[in-house]
Amino acid sequence: MDYFAPTEQQYSLISPVGDLQSFVVGDDGGLNLVDTITTGGNGPTFTNPLSTGEVTAMNFGSPNCSLVATNPSDPLHFVKDSPVVAFPVGDGPSNPHMSLEFNGEVFVTDLGGDKIWRLVRDGAPGSFKVQGQINVDAGSGPRHIAILDNILFVLSEKVSTLTAMHIPQAPNGTALPLIANVSITPPTTFNATFAAAEILISTPTTQFPDPLIYVSNRNLGPEFDPKGDTIAIFEFKNATSTATDRESTSSKRMLRRNRRDLQKAGLASNATAPQLSLLAQVPTGLKQIRSMSLGPVKGGGDEFLIAGANVGGGVVMFRRVDGGRNLTEVVRNEQVANRTSFVFV
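Just so we're clear, the structure is a prediction, and the values are computed from it rather than from any experiment. (Residues numbered from 1 in each chain as written. Predicted model: local features only at pLDDT ≥ 70, side-chain atom pairs only at ≥ 80, totals over all residues. Heavy atoms only, no water.)

1. Remarks on the environment of Asp114
You can see Asp114 is positioned in the loop between β12 (105-110) and β13 (115-121). Relative accessible area serves as the criterion here: at 12%, Asp114 is assigned to the buried category. Contact partners of Asp114, with chain neighbours within four places excluded, come to Asn135, Val136, Asp137, Ala138, Gly139, Ser140, Gly141 and Pro142. At 2.7 Å, the side chain of Asp114 and the backbone nitrogen of Gly139 are in polar contact. (Helix = DSSP H or I, 4+ residues; strand = E, 2+ residues; numbered from the N terminus. Buried < 20%, exposed > 50% of the residue type's maximum accessible area, 1.4 Å probe, protein only. Contact = heavy atoms within 4.5 Å. Polar contact = N/O pair within 3.5 Å; in protein donor to acceptor, adjacent residues only side chain to side chain.)

What follows is the structure, encoded as C-alpha cells:
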C-alpha cells in the first residue's frame with residue numbers, strides 16, 4: 001500500500017486488488033474514506049497527485065498505469081472515466097513502479113522493462129499517452145527517480161546503483177552518457193543480496209543549505225547484518241583537486257566525453273566533471289528497509305527522516321545532523337511493522 005498526502009487529504013493504493021482511494025484526515029488524526037476507483041491493473045505500488053489535477057496509480061503487476069482525473073471543485077472525488085495508459089512492450093516484461101511530474105511530462109520508471117516512459121496529456125483531464133522513453137542499462141531495474149537542476153537521478157533496484165544523467169530532449173532524444181554512476185551498497189563480508197529501494201533529495205534551506213541524496217539499501221539475504229540495512233547519503237558535486245590520480249584521470253575522460261556529446265546535443269559547451277560523493281553509510285537497525293520520507297520544510301520538519309522495515313526492526317525516526325551529512329536516531333517503535341510508506345501531516 002502506498003500513500004501520498006498533499007495537505008489534509010490523502011490518497012492510497014490497495015494492492016494487489018488494484019484500487020485507488022482518497023481519504024480526509026479527521027480531527028482525531030484518523031482517516032475517513034471518501035472515494036474509491038479501480039486503477040485498471042494489478043498490484044499498484046505508487047501514487048501521487050499531479051499539478052493538473054490527476055492522481056497517478058502505477059500498476060506494477062501489469063504493463064499499464066492510470067492517471068485518474070479528480071473533480072476540480074473537490075479533488076477527493078475521482079472522475080470515473082479516466083482511461084488506462086498501456087505501455088508498448090508487446091510480450092516483454094513491464095513493471096511500472098513510480099511516477100514523477102516534470103516540465104509538463106510524467107516520467108514512469110519501468111523496473112521490468114528497463115525504461116523510463118515519458119507521458120503527456122492527451123486531451124481531456126485523465127487522458128494521457130506515451131510520447132517517448134529513456135532507455136537504461138538492460139537488467140538494471142529502474143525503481144525510483146528524482147530530479148535536481150535538470151539532472152535525472154535513477155535508483156536501480158537490480159544492480160543497486162545510483163546514476164545521474166542529463167534529461168534527453170523530448171520525446172525520444174538520444175540518451176547522453178551517464179555523468180555519474182556509483183554503487184550504493186555498503187562493504188560486506190557476508191552473503192547479502194541488495195535491492196535498492198528509495199531515493200530522496202533534500203530541499204536546500206538555511207539549516208541544510210546543500211541538497212543531499214538519501215538512498216536506502218534493502219538486503220534480501222540470505223545473511224543479514226545485525227546492525228541492519230543502511231541509508232547511504234550522497235552529495236552531487238563537481239570533481240575537486242582532492243581526488244586521487246586514478247579518479248582524476250577517470251573524471252578527465254568523462255569530462256572530455258561529456259563535453260563532446262553535450263556540444264553535439266547543443267546543451268552545453270563548458271561541462272565540468274560531476275561526481276556523486278558518498279558521505280555516509282548509516283546503519284538503521286532495520287531489516288529490509290523499503291521506504292523513508294523527509295519531514296516538510298515548513299516548520300523545520302526536514303530536520304527529521306523516518307524509515308521503516310519491511311521485515312523486522314519497526315520504524316525509526318532520525319535527526320539530520322552535520323548539515324544533513326549524517327543521521328542520529330531519535331526514537332524507534334518496533335511494534336509498528338511492515339510499513340512501506342510514510343506521510344507527514
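2. Comments concerning the sheet that holds strand β10 (residues 84-86)
Backbone-to-backbone hydrogen bonds join strands into a sheet, with any given pair of strands oriented parallel or antiparallel. Spatially, β5-β6-β7-β10 is the arrangement adopted by the four strands of the open sheet, whose pairing is antiparallel. A single partner strand is all that each edge strand has here, and the edge strands are β5 (44-46) and β10. Within this sheet the neighbouring strands show an average axis-to-axis angle of 30°, counted without direction. Of the pairings in the sheet, the one linking strand β7 (residues 64-68) to β10 comprises three bridges and is antiparallel in character. Residue pairing across strands places Ser66 opposite Val84, the latter belonging to β10. (Pairing = 2+ DSSP bridges. Axes fitted to C-alpha atoms, helices over the stretch in contact; angles between N-to-C directions.)

3. Structural notes on the sheet that holds β13
The four strands lie next to each other as β11-β12-β13-β14, forming an open sheet whose pairing is antiparallel. A single partner strand is all that each edge strand has here, and the edge strands are β11 (96-102) and β14 (128-135). Averaged over neighbouring strand pairs, the angle between their axes works out to 25° when direction is ignored. Bridge analysis of β13 against β14 gives seven bridges, and the strand direction is antiparallel. What sits directly across from Trp117, in β14, is Gln133.

4. Some remarks on the nonpolar core
Judged by nonpolar contacts, the single largest core of 26 residues is most densely connected at Leu67, Ile116, Leu119, Ile145 and Leu152. Breaking this core down by element, the ones donating at least two residues are β7, β11, β12, β13, β14, β15 (142-148) and β16 (151-156). If near-sequence neighbours (up to four positions away) are discounted, Leu119 is found in contact with Cys65, Leu67, Val85, Phe87, Gly104, Glu105, Val106, Val108, Lys129 and Val130. (Core = buried A, V, L, I, M, F, W, Y, C linked by side-chain atoms within 4.5 Å.)

5. Here's the deal with the pattern of salt bridges
Enumeration over the complete set of coordinates arrives at 10 salt bridges. A salt bridge links Glu105 to Arg118; its shortest N-O distance comes to 2.9 Å. Pair noted here: Glu105 is in strand β12 and Arg118 is in strand β13, with a separation of 13 residues, a long-range link. Residue class for Glu105 comes out buried when judged on its relative accessible area of 8%. Accessibility expressed as a relative area gives 2% for Arg118, which makes it buried. For Arg325, the salt bridge is made with Asp210, and the minimal N-O distance between the two is 2.9 Å. (Salt bridge = Lys/Arg side-chain N within 4 Å of Asp/Glu carboxyl O.)

6. With respect to the packing of aromatic side chains
All chains considered together, the criterion is met by four aromatic pairs. Summarising the aromatic geometry, the rings of Phe153 and Phe236 are spaced 5.1 Å apart at their centres and angled 85° between planes, so their arrangement reads as edge-to-face. With Phe153 in strand β16 and Phe236 in strand β21 (residues 230-238), this pair connects stretches of sequence that are 83 residues apart. Sitting over the face of the ring of Phe224, Lys287 holds its NZ or CZ atom 4.2 Å from the ring centroid. Residue placement shows Arg320 over the ring face of Phe208; its charged tip is 4.0 Å from the ring centre. (Phe/Tyr/Trp six-rings, centres within 6.5 Å; stacked < 30°, edge-to-face > 60°. Lys NZ or Arg CZ within 6 Å of the ring centre and 35° of its normal.)

7. Side note on the side chain of Asn64
Within the fold, Asn64 resides in strand β7. Side-chain polar atoms of Asn64 contact the side chain of Asn59, separated by 2.8 Å. Ignoring anything within four residues of it in the chain, the contact list for Asn64 reads Gly40, Gly41, Asn59, Val84, Val85, Ala86, Phe87 and Pro96.

8. Notes on the pairing of strand β24 (residues 304-312)
Consecutive side chains along a regular strand alternate between the two faces of the sheet. For strand β23 (residues 287-294) and β24, the ladder comprises six bridges, and the chain directions are antiparallel. Bridged to Lys287 within β24 is Gly312. One ladder, built from five bridges, connects β24 with strand β25 (residues 315-321); its direction is antiparallel. From the neighbouring strand, Phe304 faces β25, where its bridge partner is Arg319. Turn length for the β24-β25 hairpin, with the two strands adjacent in sequence and antiparallel, is two residues, and the turn residue Gly313 shows positive phi of about 115°.

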